[in-house]
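The lines below spell out each chain.
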Amino acid sequence: MSLLGIIKIALKSLTRNKTRTFLTMLGIIIGVAAVIAMLAIGQGAKKIVEDQVNSMGTNVIMVSSNFMSQQSNVRQAQGGGNLINIDDVNAVNSEIDGVLYTSPVYNSWGQLKYENKNWRSGITGVGVDYFLIRGITAVEGDLFYNSDVENGTKVCVIGKTVADNLFGDIDPVDKIIRIRNIPFTVKGVMNSKGENVMGMDQDDIVLAPYSTVETRLLGGRWRFMTMMVSAESKDRIQVVQQDILNLLQSRHRGTTSEEFMVRTQTDVAETASSVSDTMTVLLASIAGISLLVGGIGIMNIMLVSVTERIKEIGIRMAVGAHKRDVLMQFIIEAVTISILGGILGILLGLGATSLVGKYMQWSVTVTSFSIFLSVGFSCAIGIFFGWYPARKAANLDLIDALRYE
Amino acid sequence: MTQCSLISTQGITKTYQMGEFQVHALRGIDLCIQKGEFIAIMGASGSGKTTFMNLLGCLDRPSEGSYELDGIAVHNMNSNQLTQVRNEKIGYVFQSFYLLPRTTALENVELPLLYTRQMSNKDRLERALGALDTVGLSDRTKHFPNQLSGGQQQRVAIARAIVNDPVFLLADEPTGNLDSRTGIEVMAIFQELHQRGKTIILVTHELEISQYADRIITFRDGLVISDKPNPNPRNAKEDLVKMPMLDELQE
Ligand SMILES: Nc1ncnc2c1ncn2[C@@H]1O[C@H](COP(=O)(O)OP(=O)(O)OP(=O)(O)O)[C@@H](O)[C@H]1O
Ligand SMILES: [Mg+2]
């Protein structure tokens, strides 16, 4: 008998029991939808991480002392030989080829106050090159200048979150806020950067000249400087990274390479995206398991349906159906269920994905890979789990099948 | 011995193993059947009639003995080959109709054609409609089995059996589930088919029904105990005319 004929027969018997066919399909539908949605969400998470990494700026290198290393613990007692200072920053800027900008960075936290409003946020002391490295511009007012850094003026620029919380509808430009009770003039509001890789709000920040931060805010306290550098181009970044490490080591006599952390954006990105890759795999495997359960559901129903239709199978064989015709009929029934389920699952998955994208404001992306994967998988499930019941049907003894009540 | 133009069986036995016991359903059947015969097989319950029909119908294989059908040795064919023979040469009518549920009369009749050779949809439809017309059911093609009377269901089953234009027709108690008038109606169809040249072998319990055949074979305990021609078979059509209709009686 022709394949087309068997397909027709299989479809007919599926439509004869629509509810059951649909319920059987449901397992596959949910499984496939879950796989697609999970992969899409995973991809979306990865894209977000990439965007966040890019929001750090282009070709950025972060330099800091590594206080976790063995040697530094020893040295700490002797006065912190691996502490980065402003001369190191200037040396990196002037002595290393391929360095575009450098800026010292002081990271700190503190209470902000404007009139009766209080807000706690990060306070970072930087040089003006920091704006260039990170692509910071002023959306209101202005940024501060090199003269401010040189003179240690009490000025700052604030992130959007800070502006919203301290000022609300008021224009913050040229207002005086108190940072740890020291008055600073707000020169402007920075462009928004969103969340960083760690999920921290990069707009919840105040930038001030590092010199001001050093003397006014951190004066007398223990402080440590980190450094942000941007390389001229992507190709040079690794060479620059190594040169910085060498330079720091030679400037701080007796230190080892482990005592400094010189990390590029890609290092950070790799860590972050490997985390999100793991998450994607994890989510997809959970979804895959539900697909498997859906497949077992198909096998279960097909077995029931073989038992239920023993007489029908007997009649078909009596009027001339070969074993292989019966085998094919049942396999095609199973495959049809799984493929149709797969298609509906894709639609449901796309729907769920776009819903997630809409409400969570994620750029979720459904790849053709995930569609092929789930369709292929559900096809395979149909054949795999349809095979056993189909064999059972085809191997029934004709007379026994006809006599079956 | 005369030449057997359709069926020749030699020493056919069938033994069922029931745990410790052996059931000898057939103990050695030698039969010779010519093309164009109309045979009724009679016998007490359990005498092996159905078993024998299943063998003739290639639904089952004998334990011993040989079976030649149309000049081909069938007894040692594999199940695939038997399926082929069944499909091409044999039409089988079962006592309890065996129609596919939730499948229209027309689709039920088309069923054997689906499993045979390649055939265009149009040809298949034509042949199925033709078979339904032969059994007088042209107006019931779209009905499901549960929307048909017993006699109509049996006629659909007969249409299915003849749709492939088989060499011979087997019917195992085709009237067993029908009232006597409907039974005679079915016999009229068989006689009509016989007149058109079909060989027919049917099993029946009822003496009356056997009188429509032109040869009567009687089984007992798995053996043929009598095999006689019936020189003056009754004519079912005439009997139907003579028979008063039920509603006429009520008037
Ligand atoms: N599948 C089977 N397994 C075991 N024994 C069987 C099987 N089929 C038939 N028999 C036995 O074989 C014998 C003949 O059965 P068969 O069905 O051929 O009788 P029959 O003449 O058709 O009877 P009836 O007129 O009641 O239909 C019976 O004793 C029956 O019990
Ligand atoms: Mg019987």
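Because the structure is a prediction, the values reported are computed rather than measured.

### Some points on the overall build of chain B
When you go through chain B residue by residue, the secondary structure sums to nine helices and ten strands. Here chain B has a C-alpha radius of gyration of 18 Å; the compact-globule value for 251 residues is 18 Å, and the two agree. Overall size of chain B, expressed as C-alpha extent along the three principal axes, is 55 × 45 × 40 Å. In chain B, the share of contacts with a sequence separation of at least 24, taken over all contacts with a separation of at least 6, comes to 70%. With the model as given, the accessible surface of chain B reaches about 11,800 Å², and the carbon-plus-sulfur share is 48%.

### Some thoughts on the overall build of chain A
Each helix and strand counted, chain A has 14 helices and ten strands in total. The C-alpha atoms of chain A give a radius of gyration of 33 Å, which is well past the 22 Å a tight globule of 405 residues would have. Principal-axis analysis of the C-alpha atoms places the extent of chain A at approximately 105 × 55 × 35 Å. Taking all 405 residues of chain A together, the buried fraction comes to 49%. Here the analysis covers contacts within chain A between residues at least 6 apart in sequence; of these, 77% occur between residues at least 24 apart. Split by element, the accessible area of chain A, about 19,300 Å² in all, is 59% carbon and sulfur.

### Details of the packing of aromatic side chains
All names here are of chain B. What the rule picks out here adds up to six aromatic pairs over all chains. Consider the rings of Phe-94 and Tyr-98, whose centres lie 4.7 Å apart with planes at 45°: the pair is tilted. The residues Phe-94 and Tyr-98 share a single accessibility class, namely buried. Put simply, the rings of Tyr-92, Phe-94 and Tyr-98 touch in pairs and so form one group of aromatic residues.

### Points about the pattern of salt bridges
Residue and element names in this part refer to chain A. Evaluated as defined, the whole model comprises 23 salt bridges over all chains. A salt bridge links Asp-164 to Lys-160; the shortest N-O distance between them is 3.1 Å. Residue Asp-164 and its partner Lys-160 are both found in helix H7 (residues 160-167); the two are separated by four residues, about one turn of the helix. A relative accessible area of 41% means that Lys-160 is categorised as partly exposed. Salt-bridge contacts for Glu-312 lead to Arg-309; the nearest nitrogen and oxygen are separated by 3.1 Å. Arg-309 carries the same exposure label as Glu-312, and that label is buried. When salt bridges that share partners are traced, they join Arg-16, Arg-309, Glu-312, Arg-316 and Glu-333 into one network.

### Let's talk about the interface of chain A and chain B
In this complex, chain A contributes 24 residues to the contact, which on the side of chain B involves 25 residues. The interface formed by chain A and chain B holds one salt bridge in total. Summed over the shared surface of chain A and chain B, the number is eleven residue pairs in polar contact (both at pLDDT 80 or more). Of all the elements in the fold, those that place two or more residues in the side of chain A that touches chain B are helix H1 (3-15), helix H11 (310-318), helix H12 (323-360) and helix H14 (398-403) of chain A. For the side of chain A that touches chain B, the element with the highest residue contribution is H11 of chain A, accounting for six residues. Here the residues of the side of chain A that touches chain B sort into ten nonpolar, five polar and nine charged.

### Some words on the packing of helix H5 (residues 150-162) of chain B against helix H6 (residues 180-195) of chain B
Residue and element names in this part refer to chain B. Their axes nearest at 10 Å, the elements H5 and H6 cross at an angle of 20°. With respect to their mutual orientation, H5 and H6 come out roughly parallel. The handedness of the crossing between H5 and H6 comes out as right-handed. Along the contact surface, H5 presents Gly-151, Gln-154, Arg-155, Ile-158 and Ile-162, while H6 presents Thr-182, Glu-185, Val-186, Ile-189, Phe-190 and Leu-193. The class makeup of the residues in the contact of H5 with H6 is six nonpolar, three polar and two charged.

### Some remarks on a positive patch on the surface
Residue and element names in this part refer to chain A. Taken together, the side chains of Lys-113, Lys-154, Arg-178 and Arg-216 present a region of like positive charge at the surface. Among the structural elements, Arg-216 can be located in helix H8 (residues 210-217). The exposure class of Arg-216 is partly exposed, given its relative accessible area of 44%.

### Observations regarding the sheet that holds strand E5 (residues 72-73) of chain B
All names here are of chain B. The antiparallel open sheet is built from four strands, whose spatial order is E2-E1-E4-E5. Each end of this open sheet is capped by a strand with a single partner; those strands are strand E2 (21-33) and E5. As paired strands, strand E1 (residues 7-18) and strand E4 (residues 64-69) are joined by five bridges and run antiparallel to one another. Looking at the pairing, Ser-8 lines up with Glu-68 of E4. Packed on one face of the sheet, helix H1 (residues 49-56) meets E1, E2 and E4 and runs near 120° to E1.

### Things to note about the state of the cysteines
Residues and elements named next belong to chain B. On inspection of all chains with the given rule, the structure shows one disulfide over all chains. Linked covalently through their sulfurs, Cys-4 and Cys-32 form a disulfide whose S-S length is 1.8 Å. Taking the sign of the S-S torsion, -125° for the link of Cys-4 and Cys-32, the bridge is left-handed. You can see Cys-4 sitting in the segment before E1 and its partner Cys-32 sitting in strand E2, a full 28 residues away along the chain.

### Here we look at the nonpolar core
Nonpolar side chains in soluble globular proteins tend to be buried together. Grouped together as the largest cluster of nonpolar side chains are 73 residues, with contacts concentrated most on Ile-7, Ile-41, Tyr-67, Leu-69, Phe-168 and Ile-201 of chain B. Not counting chain neighbours up to four residues away, the residues in contact with Ile-7 of chain B comprise Leu-31, Cys-32, Ile-33, Leu-56, Tyr-67, Glu-68, Leu-69, Phe-168 and Ile-201 of chain B. Within the second largest apolar cluster, 60 residues are counted, among which are Ile-123, Val-162, Leu-166 and Leu-245 of chain A.

### Here we look at the side chain of His-322 of chain A
Assignment of secondary structure puts His-322 of chain A in the loop between H11 and H12. What makes His-322 of chain A buried here is its relative accessible area of 6%. A polar contact of 2.8 Å, which involves the side chain of His-322 of chain A, links it to the side chain of Gln-84 of chain B. Apart from residues lying up to four places away in sequence, His-322 of chain A is in contact with Asn-80, Thr-83 and Gln-84 of chain B.

### Observations concerning the site of ligand 1
As a structural note, the neighbourhood of ligand 1 is formed by 15 residues, with Ser-45, Gly-46, Lys-49, Thr-50 and Thr-51 of chain B the closest of them. More than one chain reaches ligand 1: the nearby residues come from chains A and B. Residue Gly-48 of chain B places a main-chain N or O atom 3.0 Å away from an oxygen atom belonging to ligand 1. Glu-173 of chain B is positioned with one of its side-chain polar atoms (N or O) 3.5 Å from an oxygen atom of ligand 1. Elements that contribute at least two residues to the shell around ligand 1 include exactly E1, E2 and H1 of chain B. Sort the elements by how many residues they give to the shell around ligand 1 and H1 of chain B lands first, with three residues. Across the shell around ligand 1, the residue classes break down as five nonpolar, seven polar and three charged.

### Considerations on the environment of Met-227 of chain A
Residues and elements named next belong to chain A. You can see Met-227 is positioned in strand E9 (residues 226-231). Take Met-227: its relative accessible area is 2%, and that puts it in the buried class. Put simply, Met-227 and Ile-298 are 71 residues apart on the chain and 60 Å apart in space, counted from C-alpha to C-alpha.

About the cut-offs
Residues numbered from 1 in each chain as written. Chains lettered and ligands numbered in written order. Predicted model: local features only at pLDDT ≥ 70, side-chain atom pairs only at ≥ 80, totals over all residues. Heavy atoms only, no water. Helix = DSSP H or I, 4+ residues; strand = E, 2+ residues; numbered from the N terminus. Rg over C-alpha atoms; globule rule 2.2 N^0.38 Å. Contact = heavy atoms within 4.5 Å. Areas by Shrake-Rupley, 256 points an atom, 1.4 Å probe, with all protein chains shown as cover. Buried < 20%, exposed > 50% of the residue type's maximum accessible area, 1.4 Å probe, protein only. Phe/Tyr/Trp six-rings, centres within 6.5 Å; stacked < 30°, edge-to-face > 60°. Salt bridge = Lys/Arg side-chain N within 4 Å of Asp/Glu carboxyl O. Polar contact = N/O pair within 3.5 Å; in protein donor to acceptor, adjacent residues only side chain to side chain. Nonpolar A, V, L, I, M, F, W, Y, C, P; charged D, E, K, R; others polar. Axes fitted to C-alpha atoms, helices over the stretch in contact; angles between N-to-C directions. Parallel < 35°, antiparallel > 145°, perpendicular 65-115°, else oblique. Left-handed = near helix turned anticlockwise from the far one by under 90°. Patch = residues over 30% accessible without salt bridge, like charges linked within 9 Å, V, L, I, M, F, W, Y side chains within 5 Å. Lys, Arg positive; Asp, Glu negative; His and termini not counted. Charge placed at Lys NZ, Arg CZ, Asp CG, Glu CD. Pairing = 2+ DSSP bridges. Disulfide = S-S within 2.5 Å. Core = buried A, V, L, I, M, F, W, Y, C linked by side-chain atoms within 4.5 Å. Near = heavy atom within 4 Å.

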